[in-house]
Amino acid sequence: MLELTPEECRVLGVLIEKAQTTPDLYPLSLNALTNGANQKNNRSPIMELSEDQIFSAVTGLRHKGLLIQFDTPGSRVSKYRHNAPEKLGINLRQLAVLAELLLRGPQTLGELRGRATRMHPLESIEMVQSVVDELMHLPEPLAQKIAAAPGDRAERYLQLLCPDAHPLETPATPAEGSHAGAPTLSQRVIELEAKVEQLTVAMRKLCEQLGVEKPL
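Reading guide: rules and limits
Residues numbered from 1 in each chain as written. Predicted model: local features only at pLDDT ≥ 70, side-chain atom pairs only at ≥ 80, totals over all residues. Heavy atoms only, no water. Pairing = 2+ DSSP bridges. Helix = DSSP H or I, 4+ residues; strand = E, 2+ residues; numbered from the N terminus. Disulfide = S-S within 2.5 Å. Buried < 20%, exposed > 50% of the residue type's maximum accessible area, 1.4 Å probe, protein only. Expected span 1.5 Å × (residues − 1). Polar contact = N/O pair within 3.5 Å; in protein donor to acceptor, adjacent residues only side chain to side chain. pLDDT = per-residue confidence, 0-100. Contact = heavy atoms within 4.5 Å. Axes fitted to C-alpha atoms, helices over the stretch in contact; angles between N-to-C directions. Parallel < 35°, antiparallel > 145°, perpendicular 65-115°, else oblique. Nonpolar A, V, L, I, M, F, W, Y, C, P; charged D, E, K, R; others polar.

### Here's the deal with the sheet that holds strand β3 (residues 79-82)
Hydrogen bonds along the backbone pair up the strands of a sheet, which may run parallel or antiparallel. Strand order in this open sheet of three strands is β1-β3-β2, and the pairing throughout is antiparallel. Lying at the two open borders of the sheet, with one neighbouring strand each, are β1 (28-29) and β2 (67-70). Taken together, the two bridges between β1 and β3 define a ladder with antiparallel strand orientation. The residue bridging S29 from the neighbouring strand is K79, located in β3.

The structure is reproduced here in structure tokens:
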């Protein structure tokens, strides 16, 4: 089974994400990878990685067959793309869900659907459940079901390429009088962030199809 470092997890997640959400800027340079790894949105935990650390992660992913260096004739800047579908034997739906687990850590089915849809359509919770089940039952499983987060009742799912990349909270019993089934403020913010990003990607694609200047 492949084992990645937390830095390699972040870099692989960024490559998968950017390939789907900003294909016109892909493959990525070392500088773009560093910016993507350290961005503040869609990441948990927030990291502050140097270009040297990113380069070490790139080197490790190349040795593990998950990354390919892409050199353009006449360009002095090397660029990189992932090789995850071929190396891991997964499809695009599975890849999108795996990328979210790599970038944000353990998540519920609802969170995965809201976030991974920006990379690949996931029409229902049932579809996400099917994708997660597929990842858990590969010859070398890439995901695992874990306990709910404190104050929540929904089970979460964890990626297995580097489980230690995301510290786990200890489940706790909801306080008396709390509404365990109601979404918390943080969950509502997360859902709104995902919807805004989906709308931004959709608007960008629509502008490209219409041949008009991007408004954002």
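### Side note on the environment of R204
Here R204 shows up in helix α8 (residues 185-210). Measuring from C-alpha to C-alpha, the distance between R204 and T21 comes to 9.8 Å, with 183 residues separating the pair along the chain.

### Considerations on the state of the cysteines
Applying the stated criterion across every chain, the model contains zero disulfides. Here C9 stays unpaired: no disulfide links it, and the sulfur of C162, its closest cysteine neighbor, is 4.3 Å away. Residue classification places C9 among the buried residues on the basis of a relative accessible area of 1%.

### Notes on helix α5 (residues 92-104)
In a regular helix each residue adds 1.5 Å, so 13 residues correspond to 18 Å; α5 covers 18 Å between its end C-alpha atoms and thus fits that length. α5 sits mainly inside the fold: 11 of its 13 residues count as buried. Among all positions in α5, only Q94, L95, A96, V97, L98, A99, E100, L101, L102, L103 and R104 are buried. With a side-chain oxygen positioned 3.2 Å from the backbone nitrogen of R93, the residue opening α5 is N91.

### Description of the confidence of the model for the protein chain
Do not read the fine detail of predicted coordinates wherever pLDDT is low. Per-residue confidence for the protein chain averages 87 on the pLDDT scale, and 82% of its residues sit at or above 70. This stretch, residues 170-182, has a pLDDT under 50; its non-local contacts, to residues over four places away or in other chains, come to 13 contacts.

### Regarding the packing of α5 against helix α6 (residues 109-116)
Helix-helix packing is described using two parameters, namely the angle between the two axes and the distance between the axes. Interhelical geometry of α5 versus α6 gives an angle of 105° and a closest axis separation of 9 Å. One finds that α5 runs roughly perpendicular with respect to α6. Each of A96, V97, E100, L101 and R104 in α5 lies in contact with α6, whose residues at this interface are L112, R115 and A116. Tallied by class, residues from the contact of α5 with α6 come to five nonpolar, no polar and three charged.

### Observations concerning helix α2 (residues 30-38)
Taken residue by residue, α2 has L30, L33, T34, G36, A37 and N38 as its buried positions. Of the surrounding elements, those touching the buried residues of α2 are α1 (6-21), β1, α3 (51-63) and β3.

### Here's the deal with the side chain of N83
Within the secondary structure, N83 sits in the loop between β3 and α4 (84-88). A polar atom in the side chain of N83 sits 3.3 Å from the backbone oxygen of G65. The residues contacting N83, other than those within four sequence positions of it, are G65, L66, L67 and I68.

### What about unusual backbone geometry?
A cis geometry characterises the amide bond from Y26 onward to P27, with omega recorded as 0°. By secondary structure assignment, the location of P27 is in the loop between α1 and β1. Cis geometry marks the peptide bond from S44 to P45; its omega dihedral reads -5°. Within the element layout of this structure, P45 appears in the loop between α2 and α3. The phi torsion at N42 lies on the positive side, around 60°, for a residue other than glycine. Assignment of secondary structure puts N42 in the loop between α2 and α3. In this structure N42 comes out as buried when scored by relative accessible area, which is 4%.

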